[in-house]
Amino acid sequence: LAVNKEILGLIAVADILKKESAKAVESLKKSGLEVWMITGDNERTAKAIAGQVGIENIMAQVLPQDKSAKVSELQKMGRKVAMVGDGINDAPALAQSDMGIAMGEGTDIAMESANITLIRGDLQLIPQLLRFSQKIMLVVKQNLFWAFFYNVAFIPVAAGVLYPFFGILLNPVFAAVAMAFSSISVVLNSLRLKIL
């Protein structure tokens, strides 16, 4: 701001970091994940921001149309990529990634391109999301094991496989109870996720 060629003030515009950014990055790194920043900002700005939040891996001066190519580059190195974004420019990269995570206050196209949309723009939700996803996968594997176990163990017995050798027949009522218990155990095991 100047009057008669005399500088009276300066106006600067900058994106400010979300206060939870550093904590979210720290949580992700503690869980063994590699955190990258892909940005259109110049190298100097990118390094300054990355330094504030503890990110070592930076891809700076990336044009909007090249973000998905950078994600693809990481995938070709054998990495599974989860991309977090909220803008129109992030949509192709969100679609390209193995898991696209859009922020709820972002653009509609970003949310449409992502696999997951966080309702709030809180970056701390990302480590929570990843931990919860691991718990879900554990429960899915447990459910598959128990359903498979019940079917392998009880269907042949119900069909009379043991009868020629041991004279054992499974009463149809017990077979029905066993199958119901199989379904109930899967449902109850899944309901544990509500309290996790």
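Residues numbered from 1 in each chain as written. Predicted model: local features only at pLDDT ≥ 70, side-chain atom pairs only at ≥ 80, totals over all residues. Heavy atoms only, no water.

1. Thoughts on the side chain of Ser182
(1) Moving on: Topologically, Ser182 is positioned in helix α8 (residues 172–191).
(2) Moving on: In this structure Ser182 touches Ala147 and Tyr150, once residues within four positions along its chain are discounted. (Helix = DSSP H or I, 4+ residues; strand = E, 2+ residues; numbered from the N terminus. Contact = heavy atoms within 4.5 Å.)

2. Re the packing of helix α6 (residues 125–159) against α8
(1) Moving on: In contact at an axis separation of 9 Å, α6 and α8 are set at 175 degrees when each is read in the N-to-C sense. Comparing their axes, α8 and α6 come out roughly antiparallel. Residues Val139, Gln142, Asn143, Ala147, Tyr150, Asn151, Phe154 and Ala158 of α6 form the contact with α8, whose participating residues are Ala175, Ala178, Met179, Phe181, Ser182, Ser185, Val186, Asn189 and Ser190.
(2) Moving on: Along the lines of polarity and charge, the residues of the contact of α6 with α8 split into 10 nonpolar, seven polar and no charged. (Axes fitted to C-alpha atoms, helices over the stretch in contact; angles between N-to-C directions. Parallel < 35°, antiparallel > 145°, perpendicular 65-115°, else oblique. Nonpolar A, V, L, I, M, F, W, Y, C, P; charged D, E, K, R; others polar.)

3. Side note on the pairing of strand β6 (residues 99–103)
(1) Moving on: When you tally the buried positions in β6, you get five out of five residues, the bulk of the element.
(2) Moving on: Side chains Met99, Ile101 and Met103 of β6 all project onto a buried face; the interleaved residues Gly100 and Ala102 project onto the opposite face, where all are buried too.
(3) Moving on: In this structure, strand β5 (residues 82–85) lies alongside β6, joined through four bridges in parallel fashion. In the sheet register, Ala82 faces β6, and the bridge partner there is Met99.
(4) Moving on: Between β5 and its parallel partner β6, the chain crosses via helix α4 (residues 91–96), and the hand of that crossover is right-handed.
(5) Moving on: Bridge analysis of β6 against strand β7 (residues 116–118) gives three bridges, and the strand direction is parallel. (Buried < 20%, exposed > 50% of the residue type's maximum accessible area, 1.4 Å probe, protein only. Pairing = 2+ DSSP bridges. Right-handed = clockwise from strand over helix to strand, strands pointing away.)

4. Quick notes on the pattern of salt bridges
Pairing is possible between side chains that carry opposite charge, provided their charged atoms lie close to one another.
(1) Moving on: What the rule picks out here adds up to seven salt bridges.
(2) Moving on: The salt bridge partner of Glu26 is Lys30, with a shortest N-O separation of 3.2 Å. Residue Glu26 and its partner Lys30 are both found in helix α1 (residues 21–30); the two are separated by four residues, about one turn of the helix.
(3) Moving on: Judged by relative accessible area, which is 43%, Glu26 ranks as partly exposed.
(4) Moving on: What makes Lys30 exposed here is its relative accessible area of 68%. (Salt bridge = Lys/Arg side-chain N within 4 Å of Asp/Glu carboxyl O.)

5. A look at helix α3 (residues 67–76)
(1) Moving on: Among the residues making up α3, those that are buried are Lys67, Ser68, Val71, Ser72, Leu74 and Gln75. For α3, the arc enclosing every buried residue in end-on projection is 160 degrees, short of the 170-degree limit, so these residues lie on one face.
(2) Moving on: Packing partners of the buried residues in α3 comprise β3 (36–38), β4 (57–59), β5 and α4.
(3) Moving on: In the stretch just after α3, Gly78 is the one whose phi turns positive, near 90 degrees. (Arc of directions from axis to C-beta.)

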